[in-house]
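Survey of secondary and tertiary structure
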Amino acid sequence: MTHDSIAHIRLSSCYLPLANPISDAKVLTGRQKPMTEIAMLFAEVQTKDGHTGLGFSYSKRAGGPGQFAHAKEVAPALIGEDPSDIAKLWTKLCWAGASVGRSGLAVQAYGAFDVALYDLKARRAGLSLSKLLGAQRDSVRCYNTSGGFLHTPIEQLSVNAAASIERGIGGIKLKVGQPDGRIDIQRVEAVRKHLGDHVPLMVDANQQWDRPTAQRMCRIFEQFNLVWIEEPLDAYDHEGHAALAATFDTPIATGEMLTSLSEHYDLIRHRAADYLMPDAPRVGGITPFLKIAALAEHAGIALGPHFAMELHVHLGACYATEPWVEHFDWLEPLFNERLETRDGRMLVPTRPGLGLSLSEQARGWTRETAEIGQRA
């Protein structure tokens, strides 16, 4: 029996424009500018036997050109390899780019290949990605973030939240972390009153509080029966997050900004999160994500993957305990398919692989491509 091998890879650098500039606490505190686009890195892998897989990674505000350039550098290492050897190939990519390390932009470039190889494997098997990995459920709880940003007027927050619930989304997340904390409290209070106590509600401070402020705000927010308080402190302040998690009844959520397995291990070791929020493209793909999820499960930590619902709906479906998956409709124009929400849950696609194909709009937003190898 002859093994199939990777024959061709097409890389695309695609820039997704956002309908409105996005502002969270990092903008209002002067640390960042409003976000106007998302840089997507797509990897389309084809084998000599004609099997294909689609993978992606992304970057916000900066890093898109760097991801694409690094992916183009290391892609030749995959040509001729057996596409089933996904763990081996992840390691090979790391060694190909060893001098730039195993976190951050480098592994985010590898993530697009890793996701594509898993997509290819699942498609070839005729299984959805979640079924290939070993699903625990066929739907996951989901919550909406895109209607609760700080640039949204307070009266619009409740309208957006009610519309999300009407669409079958289960929970609502609001951005907090403004320079004046009283405004945060007013906004959360207004939405909680509008929705009632039964609707799951989360808040996200995007790392904008110092320890004394976080202590005060977490105490005030206890009254609102929140699912979690997200990133109250700097993403790498594991001791501070651990102290908050030990002090308050409201769970602490963090982890989305971490970019490697080892960084997540450090967070878990400190007991710094009740909800861990790994981002598969950000940590380097499905291979490291599964290792992080195994560590979190062993530690008894709940899971709430960050962004990229098109991928995380599958990965969340495989976690031992019921996760929360973040519903962002921003990426929808990039794909021909849509995820379905019903009764507060996101249904896991049953199509082979990720169940995604790139839209003509994604091709139209593509600024640069690279072809490695020869098409079958």
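The following paragraphs examine the structure supplied in this document. It should be emphasised that the depicted structure is a prediction, and the values quoted were computed from it without experimental measurement. (Residues numbered from 1 in each chain as written. Predicted model: local features only at pLDDT ≥ 70, side-chain atom pairs only at ≥ 80, totals over all residues. Heavy atoms only, no water.)

This paragraph deals with the side chain of Ser128. Looking at where Ser128 falls in the secondary structure, it is placed in the loop between α4 (105-125) and α5 (129-133). In this structure, Ser128 is in contact with Ala122, His314, Pro349, Thr350, Arg351, Pro352 and Gly353, ignoring residues within four places of it in sequence. (Helix = DSSP H or I, 4+ residues; strand = E, 2+ residues; numbered from the N terminus. Contact = heavy atoms within 4.5 Å.)

On to the pattern of salt bridges. Enumeration according to the criterion identifies 22 salt bridges in this entry. Between Asp204 and Lys173 there is a salt bridge, with the nearest N and O atoms lying 3.5 Å from each other. On the criterion of sequence distance, the pair formed by Asp204 in strand β6 (residues 201-204) and Lys173 in strand β5 (residues 171-175) is long-range, its members being 31 residues apart. The exposure classification of Asp204 matches that of Lys173, with both residues buried. The closest approach of N and O atoms between Glu230 and Lys173, which form a salt bridge, is 2.8 Å. Taken together, the residues Glu230 in strand β7 (residues 229-230) and Lys173 in strand β5 connect sequence positions 57 residues apart. The pair Glu230 / Lys173 is uniform in exposure class, with both members buried. Taken together, the salt bridges that share partners define one network made up of Arg10, Glu44, Arg363, Glu371 and Arg375. (Salt bridge = Lys/Arg side-chain N within 4 Å of Asp/Glu carboxyl O. Buried < 20%, exposed > 50% of the residue type's maximum accessible area, 1.4 Å probe, protein only.)

For the rest of this paragraph, the subject is the packing of helix α2 (residues 64-74) against α4. Relative to each other, α2 and α4 sit at 65°, their axes nearing to 8 Å. Of the two possible hands of crossing, α2 and α4 adopt the one that is right-handed. When α2 is examined against α4, the residues Gly66, Gln67, His70, Ala71 and Val74 are found in contact with a partner set consisting of Leu105, Ala106, Gln108, Ala109, Tyr110 and Phe113. Looking at the contact of α2 with α4, its residues break down into seven nonpolar, four polar and no charged. (Axes fitted to C-alpha atoms, helices over the stretch in contact; angles between N-to-C directions. Left-handed = near helix turned anticlockwise from the far one by under 90°. Nonpolar A, V, L, I, M, F, W, Y, C, P; charged D, E, K, R; others polar.)

A word on the packing of aromatic side chains. Applying the stated criterion across every chain yields a total of 15 aromatic pairs. Taken together, a centroid distance of 6.4 Å and an interplanar angle of 55° make the contact between Phe149 and Phe328 tilted. Taken together, the residues Phe149 in the loop between β4 (139-144) and α6 (154-166) and Phe328 in the loop between β11 (324-327) and β12 (341-342) connect sequence positions 179 residues apart. Here the aromatic rings of Phe149 and Trp330 are separated by 5.7 Å at their centres, their planes lie at 25°, and the arrangement is stacked. One end of the pair, Phe149, is in the loop between β4 and α6; the other, Trp330, is in the loop between β11 and β12, and 181 residues separate them in sequence. Through a chain of ring-to-ring contacts, the aromatic side chains of Tyr58, Phe149, Phe307, Phe328 and Trp330 assemble into a single cluster. Residue placement shows Arg102 over the ring face of Trp95; its charged tip is 5.3 Å from the ring centre. Lying over the aromatic face of Tyr15, Arg367 brings its terminal NZ or CZ to 3.8 Å of the ring centre. (Phe/Tyr/Trp six-rings, centres within 6.5 Å; stacked < 30°, edge-to-face > 60°. Lys NZ or Arg CZ within 6 Å of the ring centre and 35° of its normal.)

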